[in-house]
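Spelled out from the first residue to the last, the chains are:
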Amino acid sequence: MTIPKAMTIAGSDSGGGAGIQADLKTFQELGVFGTSAITAITAQNTLGVQGVYPLPLEAIGQQIDSVLSDIGTDAVKTGMLFSANIISLVADKLNRYGPYPLVLDPVMIAKGGAALLQQEAVEALRRELLPIATVLTPNVPEACAILGSQEIGSVEQMIEAAKRLHELGPRYVFLKGGHLDGEEAVDVLYDGSEAILYRSPRIRTKHTHGTGCTTASAIAAGLAKGLAVTDAVSEAKRFITAAIASGLEIGKGIGPTHHAALRLSSAK
Ligand SMILES: Nc1ncnc2c1ncn2[C@@H]1O[C@H](COP(=O)(O)OP(=O)(O)O)[C@@H](O)[C@H]1O
Ligand SMILES: Cc1ncc(COP(=O)(O)OP(=O)(O)O)c(N)n1
């Protein structure tokens, strides 16, 4: 039996709601075989990030070599990359083994405020990874950081920002609107000519830990299955909306989304 394969290159979240753990759960739920290269270990729970431990470059490079030289992959998703050196290493490996459909989630700051990307690494991200990304998936604060500050407070401003981000090289920009207010959670997909809006009712819950990682890995799963980007994004939006609607009251803080929610609701 064959199965589509997706690889995540990201940080570990000991609390299980974001990072590598969210990515692998999402791949599994969406029928894709998941592999991983861990860039950093975080000691993390629903209350925040208590510690960040980047792995040696050699360990990160070896994990990527082990996976891509043998198993291969149909798509790659990157998450927490932490430093300019890790970004350069990942870009180098993807250029050497790829090209692959690449979903680049420019993880910078966890919801609790912990830095998951060093400030000086933003330029390396812009220069080395944006040009090879199939889909760039920033949230609003990440879009502002990549663009070097621009006010994004409305869907119109999201579209303008997506256009500017597209000029930096990714084939598609998927700018997520979870951080804006309003009755709907509206995301923008821009391909260089057309902006498509993806809308869902805004769910009133505090349990949203890992929404960005889960959305990006759901898009990567779709690309691994050979879906067009627009269809992969539609499937990811359905997946994350169901996962947020069933957010889990685990721990004392911001709980994770429920990765099995869409499957369990379809089984009824
Ligand atoms: N409260 C919510 N209700 C419904 N959808 C949401 C909510 N919060 C976020 N989303 C959706 O979750 C996805 C991730 O968005 P966002 O929260 O902006 O990313 P991040 O986790 O990277 O900050 C997007 O599709 C967004 O529209
Ligand atoms: C190890 C690790 N990677 C990424 C994140 C950020 O995840 P995200 O999906 O943006 O969710 P929040 O942390 O913002 O809830 C993380 N926390 N840890």
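Residue numbers restart at each chain and count upward from 1, following the sequence in its written direction. To read the labels, note that chains go from A and ligands from 1, taken in the order they are written. Thresholds applied to this predicted model are a pLDDT of at least 70 for local features of residues and 80 or more for the giving and counting of side-chain atom pairs; totals over whole chains, interfaces and linings are not thresholded and use all residues. Values reported for side chains reflect all heavy atoms of the structure, with hydrogen atoms and water molecules removed beforehand.

S.K.: Looking at this model, I keep getting lost on the packing of helix α7 (residues 211-224) against helix α8 (residues 229-245). Mind explaining?
M.R.: The geometry of a pair of packed helices is captured by two quantities: the angle between their axes and the separation between those axes. Axis definition: a line fitted to C-alpha atoms, limited for helices to the stretch in contact. Angles are taken between N-to-C directions and run from 0 to 180 degrees. Every helix listed is a DSSP run of H or I at least four residues long, and every strand listed is a run of E at least two residues long, numbered separately from the N terminus. Direction vectors running N to C along α7 and α8 enclose 140°, while the axes themselves pass 8 Å from each other. With respect to their mutual orientation, α7 and α8 come out oblique. Two packed elements cross with a definite hand, and for α7 against α8 that hand is right-handed. Where α7 approaches α8, its residues Thr211, Thr214, Thr215, Ala218, Ile219, Gly222 and Leu223 are matched on the opposing element by Val229, Ala232, Val233, Ala236, Phe239, Ile240 and Ile244. Here the term charged refers only to Asp, Glu, Lys and Arg, the term nonpolar to Ala, Val, Leu, Ile, Met, Phe, Trp, Tyr, Cys and Pro, and the term polar to all other amino acids, Gly among them. Residue classes in the contact of α7 with α8 are distributed as 10 nonpolar, four polar and no charged. In what follows, roughly perpendicular refers to angles from 65 to 115 degrees, roughly parallel to angles under 35, roughly antiparallel to angles over 145, and oblique to any angle outside these ranges. Less than a right angle of anticlockwise turn of the near helix away from the far helix marks a crossing as left-handed, whereas a clockwise turn marks it as right-handed. Note on definitions: a residue-residue contact is assigned when non-hydrogen atoms from the two residues lie within 4.5 Å.

S.K.: Help me out: how do you make sense of the site of ligand 2 in this one?
M.R.: Around ligand 2, 16 residues are found, and the nearest of them are Gln44, Lys111, His209, Gly212 and Cys213. Whenever two N or O atoms come within 3.5 Å, that pair is a polar contact, provided that in protein one can donate a hydrogen and the other can accept it, and provided that, for residues adjacent in sequence, both atoms are side-chain atoms. Cys213 has a polar backbone atom sitting 2.8 Å from an oxygen atom of ligand 2. Compared with its free state, where it exposes 420 Å², ligand 2 has 96% of that area covered by protein. Elements with a minimum of two residues in the shell around ligand 2: β1 (5-13) and α7. Here the shell around ligand 2 takes three residues from α7, the largest share from any one element. Residues of the shell around ligand 2, tallied by class, amount to six nonpolar, nine polar and one charged. Any residue with a heavy atom lying within 4 Å of a molecule or strand is counted as near it. Residue exposure ignores everything except the shown protein chains as possible cover, and the areas themselves are Shrake-Rupley values with a 1.4 Å probe.

S.K.: Could you clarify how one ought to interpret helix α5 (residues 140-147) in this entry?
M.R.: Three or four residues apart is the spacing at which side chains of an α-helix point the same way, because the helix has 3.6 residues per turn. For α5, the buried fraction is high: six of the eight residues fall into the buried class. If you check which residues of α5 are buried, you get Val140, Glu142, Ala143, Cys144, Ile146 and Leu147. Contacts from the buried residues of α5 go to α4 (122-129), α6 (155-166) and β7 (172-175). Residue Asn139 occupies the N-cap position of α5, its side-chain oxygen lying 2.9 Å from the main-chain nitrogen of Glu142. Exposure is judged per residue with a 1.4 Å probe applied to protein chains only, and the accessible area is read against the type maximum: over 50% gives exposed, under 20% gives buried, and values in between give partly exposed.

S.K.: Which parts of the structure should I look at to understand the site of ligand 1?
M.R.: Not every one of the 17 residues close to ligand 1 is listed here, only the nearest: His179, Asp187, Ile203, Thr211 and Gly212. Note that an oxygen atom of ligand 1 is positioned 3.0 Å from one of the side-chain N or O atoms of Lys237. Protein contacts shield 93% of the accessible area of ligand 1, which totals 550 Å² for the unbound molecule. Within the residue set of the shell around ligand 1, elements represented by two or more residues are β8 (184-190), β9 (195-201), α7 and α8. Looking at the shell around ligand 1 residue by residue, the classes come out as five nonpolar, seven polar and five charged.

S.K.: Could you clarify how one ought to interpret the nonpolar core in this entry?
M.R.: Most often, soluble globular proteins keep nonpolar side chains buried together rather than apart. Here, nonpolar core means buried Ala, Val, Leu, Ile, Met, Phe, Trp, Tyr and Cys residues that are tied together by side-chain atoms lying within 4.5 Å of each other. Within the largest apolar cluster, 51 residues are counted, with the highest numbers of intra-cluster contacts made by Met7, Ile9, Ile64, Leu81, Ile87 and Leu125. Per-element tally for this core: the top contributor is helix α3 (residues 84-97), with six residues. Ignoring any residue separated from it by four or fewer positions in sequence, one finds Leu81 in contact with Ile9, Thr39, Ile86, Ile87, Val90, Leu116, Leu117, Leu125 and Leu129.

S.K.: Just to check I follow, could you spell out the packing of helix α1 (residues 19-29) against α7 for this structure?
M.R.: One way to put it is that α1 packs onto α7 with a least axis distance of 9 Å and a crossing angle of 40°. Taken together, the axis directions place α1 and α7 in an arrangement best described as oblique. Both α1 and α7 take part in a crossing whose hand is right-handed. Facing Gly19, Ala22, Asp23, Thr26 and Phe27 of α1, the residues of α7 in contact are Cys213, Thr214, Ser217, Ala218, Ala220 and Ala221. Here the residues of the contact of α1 with α7 are counted per class, giving six nonpolar, four polar and one charged.

S.K.: What's the story with the UniProt feature "domain: Pyridoxamine kinase/Phosphomethylpyrimidine kinase" (unreviewed entry) in the protein in this structure? I'm lost.
M.R.: According to UniProt, the positions carrying the feature "domain: Pyridoxamine kinase/Phosphomethylpyrimidine kinase" (unreviewed entry) are residues 13-258. Segment residues 13-258 splits into 40% helix and 20% strand. End C-alpha atoms: 15 Å apart. UniProt positions are given in the numbering used here, feature names are shortened, and annotations may be inferred rather than shown by experiment.

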